[in-house]
Amino acid sequence: MLRPLRNALRRRGLWPEAGLTNPCLGELPFEVLRDERMQAIWEGLDPEYVWDSHAHLVGVGDGNSGIRVHRDLTNPLKPLSYLQQKFFLNASCSNGKGCVDERFVERLLALHDPMPRGYKTLLLAFDDCYDEHGRCNHHLSAFVTPNRYAGRLAADYPQRLEWAASIHPYREDCVEELDKAVLHGARAIKWLPPAQGMDPASPRCDRFYDALARHGLPLLSHAGGERAVHGANRPDYGNPLRLRRALDRGVRVIVAHCASLGSYTDIDRGIKGPTRSSFELFTRLMDEPGYARQLHADISAITQMNRAGTPLRTVLERDDWHPRLLNGTDYPLPGVMPLFSLHKLAADGLLNEGDIPLLNMLRRHNPLLFDFALKRHINYQGRRLSNGIFESRRLLGATSP
Ligand SMILES: [Zn+2]
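Scoring rules and cut-offs
- Residues numbered from 1 in each chain as written.
- Predicted model: local features only at pLDDT ≥ 70, side-chain atom pairs only at ≥ 80, totals over all residues.
- Helix = DSSP H or I, 4+ residues; strand = E, 2+ residues; numbered from the N terminus.
- Rg over C-alpha atoms; globule rule 2.2 N^0.38 Å.
- Contact = placed C-beta atoms within 7 Å.
- Pairing = 2+ DSSP bridges.
- Axes fitted to C-alpha atoms, helices over the stretch in contact; angles between N-to-C directions.
- Core = buried A, V, L, I, M, F, W, Y, C linked by C-beta atoms within 7 Å.
- Buried ≥ 20, exposed ≤ 12 C-beta atoms within 10 Å, placed from the backbone.
- Parallel < 35°, antiparallel > 145°, perpendicular 65-115°, else oblique.
- Left-handed = near helix turned anticlockwise from the far one by under 90°.
- Nonpolar A, V, L, I, M, F, W, Y, C, P; charged D, E, K, R; others polar.

All right, on to the overall build of the protein then. Counting its regular elements, the protein contains 16 helices and 14 strands. Over its C-alpha trace the protein gives a radius of gyration of 20 Å, about what one expects of a compact globule, namely 21 Å for 401 residues. Principal axes of the C-alpha set define a box for the protein whose edges measure 55 × 45 × 45 Å. Considering only contacts in the protein between residues 6 or more positions apart, those separated by 24 or more positions represent 75%.

Turning our attention to the sheet that holds strand β3 (residues 120-124). The parallel open sheet is built from three strands, whose spatial order is β1-β3-β5. With one partner strand each, in any of the chains shown, β1 (51-56) and β5 (161-164) form the two edges of the open sheet. Geometrically, the sheet is characterised by an average inter-axis angle of 30° between neighbouring strands, direction not taken into account.

To continue, consider the sheet that holds strand β6 (residues 189-191). Spatially, the five strands line up as an open sheet ordered β6-β7-β8-β11-β12, and their pairing is parallel. Among the strands making up the open sheet, the edge pair consists of β6 and β12 (325-326). With three bridges joining them, β6 and strand β7 (residues 219-222) adopt parallel strand pairing. Its bridge partner lying in β7, Trp191 is registered against Ser221.

On to unusual backbone geometry. Backbone torsion omega between Tyr331 and Pro332 reads 10°, so that peptide bond is classified as cis. With respect to the secondary-structure elements, Pro332 resides in the loop between β12 and α13 (342-347). At Asn64, a position not held by glycine, the phi torsion is positive, near 60°. By the element assignment, Asn64 lies in the loop between β1 and β2 (68-69).

In this section: the nonpolar core. Note that soluble globular proteins tend to have their nonpolar side chains buried in a common cluster. Formed by 110 residues in total, the largest nonpolar core has its most connected members in Leu123, Trp163, Ala164, Ile189 and Val255. Top element by residues in this core is helix α15 (residues 367-377). It accounts for six residues. In contact with Ala164, not counting residues within four places along its chain, are Leu122, Leu124, Ala125, Ala186, Arg187, Ala188, Ile189, Lys190 and Leu220.

Every other side chain in a regular strand lies on the same face of the sheet, so the side chains alternate between the two faces. The side-chain alternation of β7 yields two buried faces, one formed by Leu219 and Ser221 and the other by Leu220 and His222. Where β7 lies against strand β8 (residues 253-256), four bridges are found, and the strand directions are parallel. Note on β8: the bridge partner recorded for Ser221 is Val255.

At their nearest, the axes of helix α7 (residues 174-183) and helix α9 (residues 206-215) sit 9 Å apart, and the two run at 20° to each other. With respect to α9, the axis of α7 lies roughly parallel. The handedness of the crossing between α7 and α9 is right-handed. Residues Cys174, Val175, Leu178 and Val182 of α7 touch α9, and the partners they reach there are Arg207, Phe208, Ala211, Leu212 and His215. Class assignment of the residues belonging to the contact of α7 with α9 gives a composition of seven nonpolar, one polar and one charged.

Right, here's the structure in full:
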């Protein structure tokens, strides 16, 4: 990067406060480990229950992982996709020499070193796109992370890793795949409807919903606008109201990111209904008494710059929701430096200025711990994220014997 350009942007406050790229530093410095605030973030928590419920398993498929990435992601002539992929690999410190897939896992495991025993990460697999006839649409898939790979890593590192399967409900064999995933210890099913091309409101999902309800396995479904992954390119499938169908068939649903981006048609009022913010529609679902036991949400990514306004403040205020919320990091995104602005959080009264240097230091060494410590420090007029939110394990896994 040209230094004069960077300096000019910096002077105008347009340069990300922690720089553009993750410096991928190693072990935490002694002064961080010794800082009493680092002990305080674990207070009141049972580490056996502190699971990160939302972490992506990324790679390029060079390490027997079965990962596939769309050719646009490695094509410099598609600069947006290409740069995005570069950012993700940098965020997870897996680019550079050697096997990317292996480096991703090594780095992720190393980030667990300062975590207490019991702390675990739920790795999310990612299925292909399928069309309405159940045919696989390889060419549309932004990337694929096979269930087999996520399950294998969880089996290889049982002290630190858990996994969630990803199964497209239009697949002919979706129910068999689900049974298999449950048998192999999957703790949830992960969907990203706008990118994978499933419509959560479609009757085509019913077979799968019934099987999910039978297992009592939660469906971790992305809702709200999606900027990170394109694929099937059906933004409308991210409308949180489309998840009613799953809820009405008895599925436990975890709405990723509290549906905190974008806006959609209020389809409760018909296909020509007014446009509402995604978070407002999510709020409506959360406040329906009939869904109180089934509908959950994760708070991954809600401290990112583009989500930290109303959604984050509302989540802090609505402590009646807290027993239904789970923490997740959305790893490797906490390692994408420009996504967070600690000074903006402080200016909005959500973070104490004095905690910024410690958090910035954490960020450069350990994005997992940074995300966790940031959320433990976030407060709004004295309100905090309750301890229970961080003990995500209680809401994950099958409930059937
Ligand atoms: Zn995510």
